[in-house]
Amino acid sequence: MTEPLNLSYSSISTYKECPLRWKFQYIDKIKVEEPPQRSLMFGSSVHKAVNGFYTKGDKTLDCLLGFWEESYKKEYYNDSFPLLSTYEMAADHEEGKLQLSNLYRWQQNEGLIDCQFRSELEFSMPINDISVNLRGVIDGIFYNGKGIQIVDYKTGMKKYSKSDVDSNDQLTSYSLY
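On a predicted model such as this, the values are computed, not experimentally measured, just so you know. (Residues numbered from 1 in each chain as written. Predicted model: local features only at pLDDT ≥ 70, side-chain atom pairs only at ≥ 80, totals over all residues. Heavy atoms only, no water.)

**As for the overall build of the protein**
Line of reasoning, step 1. A count of helical and extended segments in the protein gives 7 helices and 4 strands.
Line of reasoning, step 2. In the protein, the share of contacts with a sequence separation of at least 24, taken over all contacts with a separation of at least 6, comes to 56%.
Line of reasoning, step 3. Here the protein has roughly 11,800 Å² of accessible surface; of this, 54% comes from carbon and sulfur atoms. (Helix = DSSP H or I, 4+ residues; strand = E, 2+ residues; numbered from the N terminus. Contact = heavy atoms within 4.5 Å. Areas by Shrake-Rupley, 256 points an atom, 1.4 Å probe, with all protein chains shown as cover.)

This is the structure in structure tokens:
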């Protein structure tokens, strides 16, 4: 029996962009060294701050921003990333504080601050009768005693409309789980 093909949102996106790149990366297992991306470093810092806040901290905005400071310093002050200008670092630092403050206020309004929380939940789900598993990682799942809310943190500058969210392949795959 052959191993099932494991697909994730990112692997499907890679295939849509370039089937040959997908083959090299996921079938032939050819590793391509890509330079670190500033946007990924920023997103990683925000995710780490949110995870720390919900798993280790008291539920105040100051605590969340404290986790931001910690994760920002670890990501931005190391030798693995090309030097950013002082302006870029300061801009990312302020943007992180702004996004996390907005996230905190939104989650407070949604009643999610004191909910049970699970972060970075990995899932793998077989797709019907074909030898394919849909895999992924859900950023956050909140349970308030009545139901759950799945949250995917987006740190880019793009604003998503309800229509964007409703047609998003990544979020659709989470709803199947």
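**A short note on the pairing of strand β3 (residues 132-143)**
Line of reasoning, step 1. Across the 12 residues of β3, 9 count as buried, placing the element largely inside the fold.
Line of reasoning, step 2. The sheet contact formed by strand β1 (residues 5-8) and β3 spans 4 bridges and is parallel. Within the sheet, the bridge partner assigned to N6 lies in β3 and is N133.
Line of reasoning, step 3. Of the strand pairs in this sheet, strand β2 (residues 116-126) and β3 are connected by 10 bridges, and their pairing is antiparallel. Paired with L121 across the strands is I138, a residue of β3. (Buried < 20%, exposed > 50% of the residue type's maximum accessible area, 1.4 Å probe, protein only. Pairing = 2+ DSSP bridges.)

**A closer look at the nonpolar core**
Line of reasoning, step 1. Of all hydrophobic cores here, the largest spans 26 residues; its most connected members are F53, L100 and F142.
Line of reasoning, step 2. Where this core is concerned, the elements lending two or more residues are α3 (38-56), α4 (61-76) and α5 (86-109).
Line of reasoning, step 3. If sequence neighbours within four positions are ignored, L100 has contacts with V46, A49, V50, L61, L64, L65 and W68.
Line of reasoning, step 4. Counting 6 residues, the second-largest nonpolar core is a separate cluster that includes L121, M125, L134 and I138. (Core = buried A, V, L, I, M, F, W, Y, C linked by side-chain atoms within 4.5 Å.)

**Re the confidence of the model for the protein**
Line of reasoning, step 1. Here the protein shows a mean pLDDT of 83. Residues at 70 or above account for 86%.
Line of reasoning, step 2. Per-element confidence in the protein ranges from a low mean pLDDT of 56 for helix α7 (residues 169-176) to a high of 93 for α4. (pLDDT = per-residue confidence, 0-100.)

**Notes on the packing of aromatic side chains**
Line of reasoning, step 1. Following the criterion strictly, the structure yields 11 aromatic pairs and no others.
Line of reasoning, step 2. Geometrically, the ring pair formed by Y72 and Y76 is stacked, given 4.5 Å between the ring centres and 25° between the ring planes. Within this pair, Y72 and its partner Y76 are both found in helix α4, separated by 4 residues, close to a single helical turn.
Line of reasoning, step 3. Where F117 meets F142, the ring centres are 4.8 Å apart and the plane angle is 45°; that geometry is what we call tilted. Highlighted residues: F117 in strand β2 and F142 in strand β3, separated in sequence by 25 residues.
Line of reasoning, step 4. One residue, K59, lies across the ring of F53, its end atom 5.5 Å from the ring centre. (Phe/Tyr/Trp six-rings, centres within 6.5 Å; stacked < 30°, edge-to-face > 60°. Lys NZ or Arg CZ within 6 Å of the ring centre and 35° of its normal.)

**A word on a nonpolar patch on the surface**
Line of reasoning, step 1. The grouping of L20, F24, I30 and V32 at the surface amounts to a nonpolar patch, some 370 Å² of accessible area in total.
Line of reasoning, step 2. Along the polypeptide, L20 turns up in helix α2 (residues 19-27). (Patch = residues over 30% accessible without salt bridge, like charges linked within 9 Å, V, L, I, M, F, W, Y side chains within 5 Å. Salt bridge = Lys/Arg side-chain N within 4 Å of Asp/Glu carboxyl O.)

**Brief notes about α5**
Line of reasoning, step 1. Over its 24 residues, α5 runs 35 Å from end to end, which matches the ideal 34 Å to within 8%, given 1.5 Å per residue.
Line of reasoning, step 2. Along α5, the residues classified as buried are M89, D92, H93, G96, Q99, L100, S101, L103, Y104 and Q107.
Line of reasoning, step 3. Tucked into the core, α5 has its buried residues touching α3, α4 and β3.
Line of reasoning, step 4. Residue G111 follows α5 closely and has a positive phi angle near 75°. (Expected span 1.5 Å × (residues − 1).)

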